[in-house]
4 protein chains.
Amino acid sequence: MKSEEESIIALLHGRDRAGLVAHVAGWIYARGGNILHADQHRDTQEGIFFQRLEWIPAGDVESEMRLFEEMVSFDLGMEAKLIRSSARPKIALMVSNFEHCFSDIVLRCRSGELKCDISCVVSNHEKLRQMSSIYGLDYHYTPITPETKGEVESEQVRIIKESGAELIVMARYMQILSSKFLADCNCPVINIHHSFLPAFAGARPYHKAYERGVKIIGATAHYATEQLDEGPIIAQAVATVSHRNSVEDLMRKGRELERSVLANAVRWHIEGRILTYKNKTVIFD
Amino acid sequence: MKSEEESIIALLHGRDRAGLVAHVAGWIYARGGNILHADQHRDTQEGIFFQRLEWIPAGDVESEMRLFEEMVSFDLGMEAKLIRSSARPKIALMVSNFEHCFSDIVLRCRSGELKCDISCVVSNHEKLRQMSSIYGLDYHYTPITPETKGEVESEQVRIIKESGAELIVMARYMQILSSKFLADCNCPVINIHHSFLPAFAGARPYHKAYERGVKIIGATAHYATEQLDEGPIIAQAVATVSHRNSVEDLMRKGRELERSVLANAVRWHIEGRILTYKNKTVIFD
Amino acid sequence: MKSEEESIIALLHGRDRAGLVAHVAGWIYARGGNILHADQHRDTQEGIFFQRLEWIPAGDVESEMRLFEEMVSFDLGMEAKLIRSSARPKIALMVSNFEHCFSDIVLRCRSGELKCDISCVVSNHEKLRQMSSIYGLDYHYTPITPETKGEVESEQVRIIKESGAELIVMARYMQILSSKFLADCNCPVINIHHSFLPAFAGARPYHKAYERGVKIIGATAHYATEQLDEGPIIAQAVATVSHRNSVEDLMRKGRELERSVLANAVRWHIEGRILTYKNKTVIFD
Amino acid sequence: MKSEEESIIALLHGRDRAGLVAHVAGWIYARGGNILHADQHRDTQEGIFFQRLEWIPAGDVESEMRLFEEMVSFDLGMEAKLIRSSARPKIALMVSNFEHCFSDIVLRCRSGELKCDISCVVSNHEKLRQMSSIYGLDYHYTPITPETKGEVESEQVRIIKESGAELIVMARYMQILSSKFLADCNCPVINIHHSFLPAFAGARPYHKAYERGVKIIGATAHYATEQLDEGPIIAQAVATVSHRNSVEDLMRKGRELERSVLANAVRWHIEGRILTYKNKTVIFD
């Protein structure tokens, strides 16, 4: 079924070779499509080609998507990720005791800035139950101890999968996800780390930054991988600090960074603006 | 004559219509060219299409440029500006008493960061003659009074034209260029204004900023037009200030901004990264 | 009544003269007080001295405050504004249809980052009634037409005064307050303007910024005065934009700036960190 | 000998206790001094008090400095570092092949922005000999091999000491200074590291940053200590990068950061604005 306004967003990447841009644009043009945006990038060092395209197809959206995918695969030997502009994915929020990132994501969904729905909130604490209730969200309390971790993670995966989430957002969830969790949930996980990685990876980064006497602090949104704090970086932001600032000041300034950096990362993911390769990201913003 | 490594840079703009990307990319591909970079932009509100392309042609560079220009004009009804990657344009520096932007541009040319040559230095003061001499530059002292302005400007235009300059850079030249000068010199003029325009246009912006008590100051590089400080903005940067800062502090902080903003603007111009329309710029950086 | 932990914050300003720092510090020291912070500033051009002091008095807090005020007035001929560290002022929020600044201030109050209570929400629209209800806030709908403006403003002043507010925060309230309102409410009013003032004062600044083609947008928190958008600037922040950004993108980026800039301004005001003079602010942060 | 305009700058630090501010300010006031600036900081966690004072003494500058130092030592048990405002210290530049930081420091000295003289340039390469000659600087070529390092460093120390330098500035000097060098030169050494430390310490930080795919790069000025890249941080600055930026782009953007960060650090040092303790700095700017 085709909507007059609906467009298709395609994210391509694969081995670079001559004529890619001409071929793809020619294919869409020949089929009566109207390209709204086209952005590409070449990693000349690695010989990889990346492209984000957005076009309004002349024909039925679903079938155009299928045909495009076939063309990309057969003609170019490349992978394509395709998104309908009308899509409104479900996301699962994982939280602990911090409210700022949680409320920020929720309010941006409510205001329409983030085109997604929150399918569930999963937490190892009870702290944000009340706020979740206020916002009308489905809250799941899943306390974790070292002994129960495996079991609880399985339960969390079950909840998230049943909720239909296509993306997990760790909004200052203060537990390390196991490799098994990441494998089982089978969807991307975005995490916000409260330092400008790779500086101050691991726990208590604001305390470490204070001890080291840095003049700039930061926050980093990245895809979670098995290697803690080492996944592909999506977005970073920083703020200046001085000797006058206490650890508490660093935390306060950091909260500003965390929520805006996390929101950008989630928005770019939802809008199909992120390609990952070799532990890096290409952001078509 | 063709160099193995040489590429062609094209800046196109014109009325948007379906198939532009496919047509241009297809033309280059069909002639054996290898596209290195392609970046485009649509102003959907105005219906204008902008593109920057860089490719290594299979054939002779000069003739490929000529053929491309014809194709763009005949097939698409668009204008193209074409640059050889080996080009090393001449630029004329106009200066007064401030050294920071002047030395900055000179040193970037010397280090190879800016791929251009300084064909002459024109000044209404003698202050920078010694530094020009140290740097081995051709210095022209052209003092100006209200009475002699027309006459002196004609002389300045003559010097600049004879030097072969294709771009004029006002590196804190503290005189307003007349419409006649801009018309006669017949080449782009980049100016650096010491505020974040449109705030504090005109004279003594740091004093005005101090008086107003702003918490942020800035600098703006723009193309000079007949309307003072109202030409298309190329680059802007800002720095924070506080009640502790004197006007002198604002000036010192501003010098940092001025020189980096001006250098970016000149670099983007030389590398064929700027398109202007409707008093705005599109920067393909 | 004295609390063990309670400190006094004093904001002084007046004609500069020799010995001020020694006199004030000596007075506190002689009375057994323990100075936690002392920050001063001299506007040498104007000959004005500014100081922010925070100390734990040895004696009763109330009487120490009274004695300090007398000393400052009699000995130094200066004005002092005094705040107890335990104070938790009431603030009135004025809003229209935008939620981001409103929710931001409310959530910061809830989390304890802003040490104040929201005594009432006054709006010329119904849009934020539901959110106010969710947050448990007292909401007053006061629609305004050109004809009813005087009358409605009187009603607004009455509501705000009865609520006990000591500060009014215009969280994107899209009406111009009359001189009468400002005089009658008799308390400071902080406004957030969605541009880096003095650029783009007045209505629709993001549209104006888009039209002008600036590369940086901003937001400005200032005290409201009779002259629209010309009051003392408290805080400013900026973000970069490019030709790729639509007016909607500017608005989205601007919302980030608006809420953080407004929150900083409100926090500094509440913590007694702002002195105003000659339409400027001194911020002891 | 007393100059009418000359002021004294004092940097104090020591164990915090009640009455410090009153005592110091009272002493200056009692002796007819006129305090221009006074800025203090307490590290409440460590119980350390820091103060920067600038005043015009009524009496002879030299004897007032001596008396102040005695008062601080006897009365307060604190250390004081004292600087005459007319002082114009000599600095030694250590360089390798990069010109940007070198030229930047030289030009700021020439323009009067940095109130110091360059007593010598020491380099392990010949690259900057010509520029040094142009600027009229004393250039010493001291090539280093692993075998000759000890010997050459002794020679470097001798050159620097004979030149009368009170500060060594490593303007992208690409050798690690030995503990012996640092001990022997017996003066502060400021280094510029081309990353936002502690991220990417050690060699080739721009390459490491590129590999890691960070979205922000930085530069850090710090005092050199025996632990490579671990000395007290003086200043940091950052710039955004994207997937479009090559390693060369990172280097170019980094050069901007390096030179402005290094210049700030040198200026603050010369103006007596930096106190160090516990591997951190207090910057009274």
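Residues numbered from 1 in each chain as written. Chains lettered and ligands numbered in written order. Predicted model: local features only at pLDDT ≥ 70, side-chain atom pairs only at ≥ 80, totals over all residues. Heavy atoms only, no water.

> I tried to follow the overall build of chain A on my own but got confused; where do I start?
Helices and strands together make up the secondary structure of chain A, namely 8 helices and 13 strands. Relative to the 2.2 N^0.38 estimate, which gives 19 Å for 285 residues, the radius of gyration of chain A is 21 Å and therefore close to what a compact globule would have. Considered along the principal axes of its C-alpha atoms, chain A spans approximately 60 × 40 × 35 Å. Counting over 285 residues, chain A shows a buried share of 59%. The long-range share in chain A, meaning contacts at least 24 apart out of those at least 6 apart in sequence, stands at 65%. (Helix = DSSP H or I, 4+ residues; strand = E, 2+ residues; numbered from the N terminus. Rg over C-alpha atoms; globule rule 2.2 N^0.38 Å. Buried < 20%, exposed > 50% of the residue type's maximum accessible area, 1.4 Å probe, protein only. Contact = heavy atoms within 4.5 Å.)

> What should I look at first to understand helix α7 (residues 205-212) of chain D in this one?
Because the α-helix completes a turn every 3.6 residues, residues three or four places apart line up on one side. All of the buried residues in α7 of chain D are P205, Y206, A209, Y210 and R212 of chain D. The buried residues of α7 of chain D occupy an angular sector of 165 degrees when projected down its axis, which confines them to one face. The secondary structure elements touched by the buried residues of α7 of chain D are β2 (34-43), β11 (233-240) and β13 (280-283) of chain A together with β9 (189-193), β10 (216-223) and α8 (247-270) of chain D. Looking one or two places after α7 of chain D, you find G213 of chain D, whose phi comes out positive at around 75 degrees. (Arc of directions from axis to C-beta.)

> Any chance you could explain the sheet that holds β10 of chain D here in plain terms?
In sheet architecture, strand pairing relies on hydrogen bonds along the backbone and comes in two forms, parallel and antiparallel. Residue and element names in this part refer to chain D. With mixed pairing, the 7 strands of this open sheet are ordered in space as β7-β6-β5-β8-β9-β10-β11. In this open sheet, the two strands that pair with only one neighbour each are β7 (139-141) and β11 (233-240). Shown here is a sheet whose adjacent strand axes are inclined to one another by a mean of 15 degrees, direction ignored. In terms of strand pairing, β9 meets β10 through 4 bridges, oriented antiparallel. (Pairing = 2+ DSSP bridges. Axes fitted to C-alpha atoms, helices over the stretch in contact; angles between N-to-C directions.)

> Help me understand the relation of the copies chain B and chain C in this model?
Both copies of the chain are tied together by a single rotation about an axis and a shift running along it. Once turned by 180 degrees and shifted 0.0 Å along the axis, chain B lies on chain C with an RMSD of 0.0 Å. Taken together, the rotation and translation relating the two chain copies correspond to the operation of a two-fold axis. Closest to the rotation axis within chain B is the C-alpha of A199 of chain B, separated from it by 2.3 Å. Both copies present the same face, since 100% of the interface residues in chain B are matched by interface residues at the equivalent positions in chain C. (Least-squares fit on C-alpha atoms with pLDDT ≥ 70 in both.)

> Which parts of the structure should I look at to understand the pattern of salt bridges?
Should their charged atoms come close, side chains of opposite charge can pair. In the structure shown here, the tally under the stated rule is 84 salt bridges over all chains. In this structure, the salt-bridge partner of R84 of chain B is E62 of chain B, at a minimum N-O distance of 2.4 Å. Highlighted residues: R84 of chain B in strand β4 (residues 79-84) and E62 of chain B in helix α2 (residues 61-76), separated in sequence by 22 residues. Relative accessible area serves as the criterion here: at 18%, R84 of chain B is assigned to the buried category. The salt bridge involving R255 of chain B is made with E113 of chain D; its shortest N-O contact spans 2.8 Å. Of this pair, R255 of chain B sits in helix α8 (residues 247-270) while E113 of chain D sits in the loop between α3 (100-111) and β6 (117-123), on two different chains. (Salt bridge = Lys/Arg side-chain N within 4 Å of Asp/Glu carboxyl O.)

> I tried to follow the interface of chain A and chain B on my own but got confused; where do I start?
On the chain B side, the residues contacting the 13 residues of chain A number 13 residues. Surface buried jointly by chain A and chain B totals about 1200 Å² across both partners, of which 59% is contributed by carbon and sulfur atoms. On inspection of chain A and its partner chain B, the count reaches 0 salt bridges. Across the chain A-chain B interface, the total number found is 2 residue pairs in polar contact (both at pLDDT 80 or more). Elements with a contribution of two residues or more to the side of chain A that touches chain B: α1 (20-30) and β2 of chain A. Looking at which element gives the most residues to the side of chain A that touches chain B, the answer is β2 of chain A, with 6 residues. The residue inventory of the side of chain A that touches chain B, partitioned by class, reads 8 nonpolar, 3 polar and 2 charged. (Buried area = accessible area lost by both parts, 1.4 Å probe. Polar contact = N/O pair within 3.5 Å; in protein donor to acceptor, adjacent residues only side chain to side chain. Nonpolar A, V, L, I, M, F, W, Y, C, P; charged D, E, K, R; others polar.)

> Just checking my understanding: could you explain the domain arrangement of chain A for this structure?
Where the parts come together, the accessible area they lose is often given as the size of the interface. All names here are of chain A. Domain boundaries in chain A define domain 1 (3-84) and domain 2 (90-283). If you average the C-alpha positions of domain 1 and of domain 2, the two centres end up 31 Å apart. Counting residues at the interface gives 13 residues for domain 1 and 10 residues for domain 2. Of the roughly 920 Å² buried between domain 1 and domain 2 on both sides combined, carbon and sulfur atoms contribute 60%. (Domains from an automatic or database assignment.)

> Help me understand the pairing of strand β2 (residues 34-43) of chain D, please; the structure alone is not making it clear to me.
Each regular strand displays side chains that alternate between the two surfaces of the sheet. All names here are of chain D. The buried fraction of β2 amounts to 7 of the 10 residues, a majority that puts the element mostly inside the structure. Of the strand pairs in this sheet, β2 and strand β3 (residues 48-56) are connected by 9 bridges, and their pairing is antiparallel. When the bridges of β3 are listed, H41 appears paired with F50. If you look at the hairpin formed by β2 and β3, you'll find 4 residues sitting between the two strands, and G47 has a positive phi there, around 70 degrees.

> Just to check I follow, could you spell out the packing of aromatic side chains for this structure?
When we look at a pair of aromatic rings, we describe it by the centre distance and by the angle of the planes. According to the stated counting rule, one finds 22 aromatic pairs over all chains in the structure shown. Here the aromatic rings of F102 of chain C and Y135 of chain C are separated by 6.1 Å at their centres, their planes lie at 55 degrees, and the arrangement is tilted. Residue F102 of chain C is located in helix α3 (residues 100-111), and its partner Y135 of chain C is located in the loop between α4 (129-134) and β7 (139-141); the two are separated by 33 residues in the primary sequence. According to the relative accessible area criterion, F102 of chain C is buried, its value standing at 0%. A relative accessible area of 8% places Y135 of chain C in the buried class. Above the face of the Y210 of chain C ring, K280 of chain B is positioned so that its terminal group lies 3.5 Å from the ring centre. (Phe/Tyr/Trp six-rings, centres within 6.5 Å; stacked < 30°, edge-to-face > 60°. Lys NZ or Arg CZ within 6 Å of the ring centre and 35° of its normal.)

> Looking at this structure, how should I read the relation of the copies chain A and chain B?
Superposing chain A onto chain B requires a rotation of 180 degrees together with a translation of 0.0 Å along the rotation axis, leaving an RMSD of 0.0 Å. Comparing interface residues between copies, 100% of those in chain A also lie at the interface in chain B; the contact surface is shared.

> Could you clarify how one ought to interpret the packing of α8 of chain B against α8 of chain D in this entry?
Relative orientation and spacing of two packed helices are given, respectively, by the angle between their axes and the distance between those axes. Two numbers describe how α8 of chain B lies on α8 of chain D: the axes approach to 12 Å, and their chain directions differ by 165 degrees. One element, α8 of chain B, and the other, α8 of chain D, form an angle in the roughly antiparallel class. Judged by the sense of rotation from one axis to the other, the crossing of α8 of chain B with α8 of chain D is right-handed. Seen from α8 of chain B, the contacting residues are R252, E256, R259, S260, N264 and R267 of chain B; seen from α8 of chain D, they are R252, E256, R259, S260, N264 and R267 of chain D. (Parallel < 35°, antiparallel > 145°, perpendicular 65-115°, else oblique. Left-handed = near helix turned anticlockwise from the far one by under 90°.)

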